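Fold and geometry: a report
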Amino acid sequence: MSTSISNTSLVQTSELLTSCKANAVELAQDALKRVAASDLNAFLHVDEALTLAQAEQADALRAKGKATALTGIPIAHKDIFVTQGWRSTAGSHMLENFTSPYDATVVRKLSEAGAVNIGKLNCDEFAMGSGNENSFFGPTKNPWDKTAVPGGSSGGSAAAVAAGLVLAATATDTGGSIRQPAAMCGVTGIKPTYGRVSRFGMIAFASSLDQGGIIARSAQDCAIALTAISGFDERDSTSLNVASEDYNTAMANALASGNKPLAGLRVGVPKEFTGQGVDADVASAVEASIAQLAALGATIKPISLPRTTLSIPAYYVIAPAEASSNLSRFDGVRYGHRSAQYKDLQSLYENSRAEGFGPEVRLRILVGAYVLSHGYYDAYYLKALRLRRLIAEDFQQAFKEVDVIAGPVSPCVAWDIGTKQSDPTQAYLADIFTLGVSMAGLPGMSVPCGFGAKNRPVGLQLIGNYLQEAKILSVGHAYQQSSDWHLRTPVI
């Protein structure tokens, strides 16, 4: 009986479970052993008893014929989603010992589908970061090169999938935090349309930008998991009240037959995503992948997203402003870290927050409070909101001419751990091609498309119009059917 997930996909493992060639308990035990032996620092909390109890329930469901494609599949959750039983820390000292009394909607839906949670995954503190170096619990290492970052903020999710510790992982994307780590770890990640996946139980960073999604090995694996977590949730005021969709079926139906599965598809390549600012190794891999899309029948068309470079200053006004508001609840009184050194209520607030938050979080709170303050609100925040609308309009103009937009996820491959810590703006620049998608609330995904310097992975970004997850998944799937980048695994 096969009991290891290290070299299989979610789809393959589901077939093994269905044919009784594997069972959930043995798969969970294998995953737990692999996590315990790993030195990537991808996991923050593991509870063997809780995991095995879920695995036993999954096997019972399969025995009763009530299984889904996810029943018995080992997964893990980014530690930005609250979980009953497992700690929910958001990668912060502020919540180091917090255990939620309830599950996030995403967690609940995957549990109801029978997926088995292996544990909680490392992330940048409160999802603020591009390299997973801002976690209070230390950085996660990239499985392809342990001296490199895995990308952020969902670095633990991407690293765990790339290393074969789990078959899929939940993740969140505020400005690129699903797509960028997926690209840097050589796996597939999708951020759906804003509102497609419930934010209930997701520890908030920037509420108008935060969106849950999935990282897995392939587009097909992502489609199965995304189907399970999507849908309207009355407990989330930003949840879209649209019909649920079976992405795996929709993805298959979207592809043409024969050797030109992308026939009739118009793929736009923004001129702002090429040329100066993109490292040569990344540009070469992305150009080759776009040529492959053309070979599959797609028509490639140059387009423009003229406000691409302005997405960085706009984002780093809006996101810190929302963060300063959301994180005001952590005051040392109700829950979270409470300082032992205080004289009165004011010093309790000040000391608890100073001790509980890391440097990057404190920086963003200060920036956010500044741009929201009297005299600066109109000058900075309102202008950033107007620019956000213009960025969204750029995409809508482009989608009048094309069906999907393609380009690099990041202008560079993963950098060495510690090299950008002294100047955080250098890490901010790595998100230049992902920020606009998040600002507009569009769906986007990353698929592996090659390797660059030091044999570090490169990702191809696919961007769709609103509610077009099935379309970009179908393009990613067609590309992966004709390439093997997503099948390559690091030597751990």
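Thresholds, definitions, all that
- Residues numbered from 1 in each chain as written.
- Predicted model: local features only at pLDDT ≥ 70, side-chain atom pairs only at ≥ 80, totals over all residues.
- Heavy atoms only, no water.
- Pairing = 2+ DSSP bridges.
- Helix = DSSP H or I, 4+ residues; strand = E, 2+ residues; numbered from the N terminus.
- Axes fitted to C-alpha atoms, helices over the stretch in contact; angles between N-to-C directions.
- Salt bridge = Lys/Arg side-chain N within 4 Å of Asp/Glu carboxyl O.
- Buried < 20%, exposed > 50% of the residue type's maximum accessible area, 1.4 Å probe, protein only.
- Contact = heavy atoms within 4.5 Å.
- Phe/Tyr/Trp six-rings, centres within 6.5 Å; stacked < 30°, edge-to-face > 60°.
- Patch = residues over 30% accessible without salt bridge, like charges linked within 9 Å, V, L, I, M, F, W, Y side chains within 5 Å.
- Areas by Shrake-Rupley, 256 points an atom, 1.4 Å probe, with all protein chains shown as cover.
- Core = buried A, V, L, I, M, F, W, Y, C linked by side-chain atoms within 4.5 Å.
- Parallel < 35°, antiparallel > 145°, perpendicular 65-115°, else oblique.
- Left-handed = near helix turned anticlockwise from the far one by under 90°.

1. Thoughts on the sheet that holds strand E8 (residues 299-303)
Reading across from one edge, E1-E3-E2-E4-E6-E5-E10-E11-E9-E7-E8 is the order of the 11 strands in this open sheet, with mixed pairing throughout. Where the open sheet ends on each side, the last strands, each with one partner, are strand E1 (43-45) and E8. Averaged over all neighbouring strand pairs, the angle between strand axes comes to 35 degrees, with direction disregarded. Two strands pair when backbone bridges link them, and strand E2 (residues 74-78) and strand E3 (residues 116-121) are joined in this way by four bridges, in the parallel orientation. Bridge pairing in E3 places Ile75 opposite Asn117.

2. A few points about the pattern of salt bridges
For the structure shown, the criterion picks out 16 salt bridges. Linking Asp403 and Arg266 is a salt bridge whose minimum nitrogen-to-oxygen distance equals 3.1 Å. Remark: Arg266 occurs in strand E7 (residues 266-270) and Asp403 occurs in the loop between helix H13 (377-398) and strand E9 (404-408); sequence separation between them is 137 residues. The class for Arg266 is partly exposed, based on a relative accessible area of 32%.

3. Structural notes on helix H5 (residues 155-162)
Counting buried positions over the eight residues of H5 gives eight, a clear majority of the element. Along H5, the positions that sit buried rather than exposed are Gly155, Gly156, Ser157, Ala158, Ala159, Ala160, Val161 and Ala162. Residues of H5 that are buried make contact with E1, E2, E3, strand E4 (168-173), helix H6 (179-185) and strand E6 (211-216). A positive phi of about 75 degrees marks Gly164, the residue just after H5.

4. With respect to the packing of aromatic side chains
Any pair of aromatic rings gets described here by the distance separating the centres and the angle formed by the planes. Tallied over the entire structure, the rule returns 16 aromatic pairs. Here the aromatic rings of Phe126 and Phe357 are separated by 5.8 Å at their centres, their planes lie at 70 degrees, and the arrangement is edge-to-face. Within this pair, whereas Phe126 is found in the loop between E3 and H5, its partner Phe357 is found in the loop between helix H11 (345-356) and helix H12 (359-372), the two being separated by 231 residues in sequence. No difference in accessibility class separates Phe126 from Phe357, as the two residues are buried. Ring-pair connections join several aromatic residues into one group, and the members of that group are Phe98, Phe126, Phe330, Tyr335 and Phe357.

5. Structural notes on unusual backbone geometry
Note that the residue after Gly152, namely Ser153, is joined by a cis bond; omega there is 5 degrees. One non-glycine residue, Cys20, adopts positive backbone phi at about 65 degrees. For Cys20, the location among the structural elements is in the loop between helix H1 (10-18) and helix H2 (24-37). What makes Cys20 exposed here is its relative accessible area of 59%. We note that Asn455 has phi near 60 degrees; this positive angle belongs to a residue other than glycine.

6. Focus: a nonpolar patch on the surface
A surface patch of nonpolar side chains, amounting to about 290 Å² of accessible area, comprises Tyr370, Tyr376 and Tyr380. Locating Tyr370 in the fold gives a position in helix H12. With relative accessibility at 39%, the residue Tyr370 sits in the partly exposed group.

7. Things to note about the nonpolar core
Membership of the largest hydrophobic core comes to 139 residues, with the highest contact counts inside it found for Phe43, Phe126, Phe395 and Leu473. Here this core gets nine residues from one element, more than from any other, and that element is helix H10 (residues 311-326). Beyond its immediate sequence surroundings of up to four residues, Phe43 is in contact with Val35, Ala76, Ile118, Gly119, Lys120, Leu121, Ala160, Leu165 and Val166. By size, the runner-up hydrophobic cluster in this structure holds eight residues, among which are Val149, Met184, Ala414 and Ala427.

8. Side note on the packing of helix H4 (residues 105-112) against helix H7 (residues 219-229)
Taken N-terminus to C-terminus, the directions of H4 and H7 make an angle of 110 degrees; their axes are 8 Å apart at the nearest point. As summarised for this structure, H4 and H7 are arranged roughly perpendicular, according to the angle between their axes. In the packing of H4 onto H7, the handedness of the crossing is right-handed. Contacts from Val106, Lys109 and Leu110 in H4 reach Ala225, Ala228 and Ile229 in H7.

By themselves, these figures tell us nothing about what the structure is for.
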